[in-house]
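# Fold and contact review
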Amino acid sequence: MPILREKSAQRLSPKAIVAAWGYAAIILLGSLFAGQLTELSAAQTRILSGPEYQVKAGFIYNFAKFVEWPQGSFNGSDDPLIICIAPDNPESDVFFSLNNKTVGGRKIRVRKCSDPKEIGVCHVLFLDSTDKQFIQESLKAVKDRSVLTVGHIKGFSQQGGIINFFIEGGRLRFEVNLDAARRCRLKLGSQLLGSAEIIAREQK
Amino acid sequence: MKYLVWNQRGPRCRGGISITAIATICFLLSYFIIAASDCLAAYKHEQSDREQSQEEEPFDFTSLSLEELKQVMIISILKKPQKLSEAASAISVITQDDIRRSGATTIPELLRGLPGMQVAQINSSTWAVSARGFNHRFANKLLVLMDGRCLYTPSFSGVYWNVQDTLFEDIDRIEVIRGPGATLWGANAVNGVINIITKKAKDTQGGLHIVGGGVEEMGFGAFRYGVKLSDAAYSRIYLKYSMKDGFVDNEGKAGNDSWNSLRGGGRLDYSISSSDSLTLQGDIYSGRNGEREAVVFFRPWAGEKKVNVDIAGINIDNDFSGGNVLGRFSHLFSATSNMAIQVYYDRAKQCKQRICGPNHTESFDTFDLDFQHNFQFSKRQEIVWGLGYRLIKEHLSFGGGDKPIFAAQDEHYHTHTVSAFIQDDIDLVRDRVQLTIGSKFEHSDYSEFQFQPGVKMLYKILDNQNIWASISRSIRTPSLYERQAPAPAPPPPPSAVNSSSPSGKPSSSSSDQPPTPVIPLPQEDRHLRPEELIAYELGYRIQPMEYFSLDSALFYNQYNHLIINWDNSGQGKTYGLELAANLDLSRWWSVRASYTAMRMQINVDDSQPGGKKHDFMPDDLSTAFLVGTSPDHQLVLNSSLDFLQHGEFDLELRSVDSLKNNTESYLEADARLGWNIGKNLELSIIGRSLLNSHHAEFVYMGYIPDSGGINMEVERSIFGKITCRF
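First things first, this report covers the structure right here in the doc. For clarity, every value in this text was computed on a predicted model and none was experimentally measured. (Residues numbered from 1 in each chain as written. Chains lettered and ligands numbered in written order. Predicted model: local features only at pLDDT ≥ 70, side-chain atom pairs only at ≥ 80, totals over all residues. Heavy atoms only, no water.)

So, on to the sheet that holds strand β7 (residues 149-150) of chain B. Residues and elements named next belong to chain B. The five strands lie next to each other as β3-β8-β9-β6-β7, forming an open sheet whose pairing is mixed. For this open sheet the edge positions go to β3 (90-95) and β7, each flanked by a neighbour on one side alone. Pairing analysis gives six bridges linking β3 to strand β8 (residues 171-178), with the strands arranged antiparallel. Directly across from Thr 95, in β8, lies its bridge partner Arg 173. (Pairing = 2+ DSSP bridges. Helix = DSSP H or I, 4+ residues; strand = E, 2+ residues; numbered from the N terminus.)

Okay, here's the thing in structure tokens:
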């Protein structure tokens, strides 16, 4: 069997050499440029960062501060303000850190609910779910009560929720549905409305 | 019959080794200096961060005002992977962590460990990859998508794996669905769909350097940088280069299948508003790989008038290049209704330069437009429907080269495909039984209107176990080669045989005339029916303990009108069992296993004109060569171990049964040892195919008896890798 072969070294075509050089040049330029950028951003003031649920807890505490519940929502003057989280996810355990903090002279009580029936007693209801059906049922359960409903799913306001979180540029933002708040006889403070990114009204 | 191996360089292959060496050294030096400075800076930064954070107490976010809270960056907690997949199909997901810990450098290597997948390497740049049988270099029953773009070469309806790549660190996950996904995915998804999904630009912010090299993996490097353009717009760019050594052939001699490729690309994600978002992305690439190809030669014998046939392995160089741009716009109508429009353009070109014989260039321009709408139809029904249009322009040219034997041929083809699909997910019993019905409708220039329906049902027995079943019909449109390739190639006119003489004068004891190669040329279009599959599947998943899960699937596939020997002469069935188990022994040690058993029974109807077999092809071999083959048994064991806080040790063992195309069974092991210095720097040593110095995975030229020196064998490779984020 005639086998003709010639031991040839690994060679690159001129194209590959040009490509390698181009690559090197781009990496050099890119790295220098990138290095500059990193230094610039590091020089800026240190950006505060935090886990999503802790920051959300901070937001919800602030919401409670700027919402006025109608008379009759609390039995006595020292009745606690009840914040419900539904459903029961282990991630939202950080909300328990709000327990014993006070808002307008009232102590906060945090509760976790997994059944829409349990949420009637709440003043704030955080629907920590993306299950549209669950949200729909939960919103229905608190429909005529003065409950500040908070969600974090697209379309929450359209479904009748009052405050909805969304993330923009790695930061939490929120939108407010004024009509829904009015229906629940909740007065939203100007600080709250001023910080809202979107104030939605239900179109007739 | 004689077998020759020609190993001469093509006319266009020049380039001095000295220039290469200088270029490489300069490139590596400059790269190292820059990368090292970046990495050092990142490391220092991390150290100072750590010192600061140790002093800080957990921050009380209730002390901030709303305006202050709005400035806080969110550290997102990664969503836990689904405990039990609740899809009514055989699905596996490869996560970014799996990719990182595999140490793989090519996409096919990532797919090896999955049940139901057949992956075999033919040479350093060429693979045979398929799901549920029919594995072949030109496997054509698997659909591969990257971010919604079809990675498919229309000429043979399959994937050129040497061309398809991306920066692995930017891949979010790879979803692999075995079985017909035709109701959503289109005509090529007969046996499976591989969906490669890259990360959003927002998740790849900052810089990344990768550099490494070793035995076989001669050198690779990558660079990525992600920039935030505004609160709503994020972007990234990347570059990746790799150079691989060739393997050895089955006689232990070095082949010419070295491979290098350079690619770059970028992505831009822009949130126009809370309900509209836009993504633009694209890549360009170029590279070269060598290959050995079996070619039929016609040799005039001295003193005789008749022409004899020879088969030889000739070395060819393959230059490939291409690029793509893709835009996707999605809009949210309401909480229960959204739509997306995607458009892309893809260009791919390959030029095969043969030492002796015509060059062969093929280029493809693909234009694709897709629309998809997803909405809640009723309380229990969710409907997704879509429309698609694809135009493929193919340009094939033969001829040219050093000594043209045939007149150059230039062929242009246009194919229009219009498709639509609709799928309805019905909650028959809430949280218990789910029914999915749907169909895809397709019309192309080469196949009449096709209806591809499917029904799937999932029953959740308990929270930790479910059972599913499906029946579906799927088709595959004949590829350009199938419609046009002649069988067998006609002998050239004697004048051409006598007058042409390839350079290098191969001497042959039995001939005083040099041989003349014959490359199959496209013939006029022939009418073929699409291949048809009726698939029956049954699956069961259980997670009895938090730390143990088992996924099993049974399938029975009935194929009709299989295209064999350029005719719809084949029919047959495949059936098999796929098992995947996952066991988390502790927080720092997890073990995975996958086992696949399957059979292929394909019959060729000889009565049809194209069904006659060539003399030198025995029965089993010819079927294996023509429609592909798969191992009867395949077992992959995988262990991921964390040690000493910073260390990672990964091991994969693969046992693959013999193939009908004369490939012997083999046992191989891959290993990776990784060490994390801080969260920004990672060092690893990776060994692949460690148990044998070289082993055959797929005898591509197996139909040629005694095909010495033609087939390549996978060599052991060991290389180091440095990854640094800044």
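From this point, things continue past the structure.
Residue and element names in this part refer to chain A. For helix α3 (residues 132-141), the set of buried residues is Gln 133, Phe 134, Ile 135, Ser 138 and Leu 139. Its buried side turned inward, α3 meets β4 (81-86), β7 (124-127) and β8 (148-151). At the N-terminal end of α3, a side-chain oxygen is found 3.0 Å from the backbone nitrogen of Gln 133, two or three residues along, and the residue is Asp 131. (Buried < 20%, exposed > 50% of the residue type's maximum accessible area, 1.4 Å probe, protein only. Contact = heavy atoms within 4.5 Å. Polar contact = N/O pair within 3.5 Å; in protein donor to acceptor, adjacent residues only side chain to side chain.)

Once that is clear, we can look at the side chain of B:Asp551. Residues and elements named next belong to chain B. Tracing the chain through its elements places Asp 551 in strand β26 (residues 548-564). For Asp 551, the side chain forms a polar contact with the side chain of Arg 541, separated by 3.4 Å. If we ignore the near neighbours within four places in the chain, the residues touching Asp 551 are Ile 91, Tyr 540, Arg 541, Glu 578, Leu 579 and Ala 580.

Turning to unusual backbone geometry, a few remarks are in order. Put simply, A:Ala86 and A:Pro87 share a cis peptide bond, and its omega is -5°. Relative to the assigned elements, A:Pro87 resides in the loop between β4 and β5 (102-103). Of note in the backbone geometry, B:Ser157 takes a positive phi value of approximately 60° without being a glycine. Turning to its location among the elements, B:Ser157 is positioned in the loop between β7 and β8.

Now for the pattern of salt bridges. Residue and element names in this part refer to chain B. Tallying each qualifying case throughout the model produces 49 salt bridges over all chains. Ionic pairing is found between Arg 137 and Glu 291, a salt bridge with its closest N-O pair at 2.7 Å. Of this pair, Arg 137 sits in the loop between β5 (126-131) and β6 (142-146) while Glu 291 sits in strand β15 (residues 276-300), and the two are 154 residues apart along the sequence. On the basis of relative accessible area, Glu 291 is assigned to the buried category, the value being 3%. Across the salt bridge formed by Lys 240 and Asp 165, the nearest N and O atoms sit 3.1 Å from each other. Of this pair, Lys 240 sits in strand β12 (residues 233-244) while Asp 165 is found in the loop between β7 and β8, placing the two residues 75 residues apart along the sequence. You'll find Lys 240 and Asp 165 in the same group, each marked buried. Here the salt bridges do not stand alone but share partners, grouping Asp 97, Arg 100, Arg 101, Asp 642, Glu 648, Asp 650, Arg 672 and Glu 682 into one network. (Salt bridge = Lys/Arg side-chain N within 4 Å of Asp/Glu carboxyl O.)

Geometric descriptors of this kind do not, in isolation, establish any biological role.
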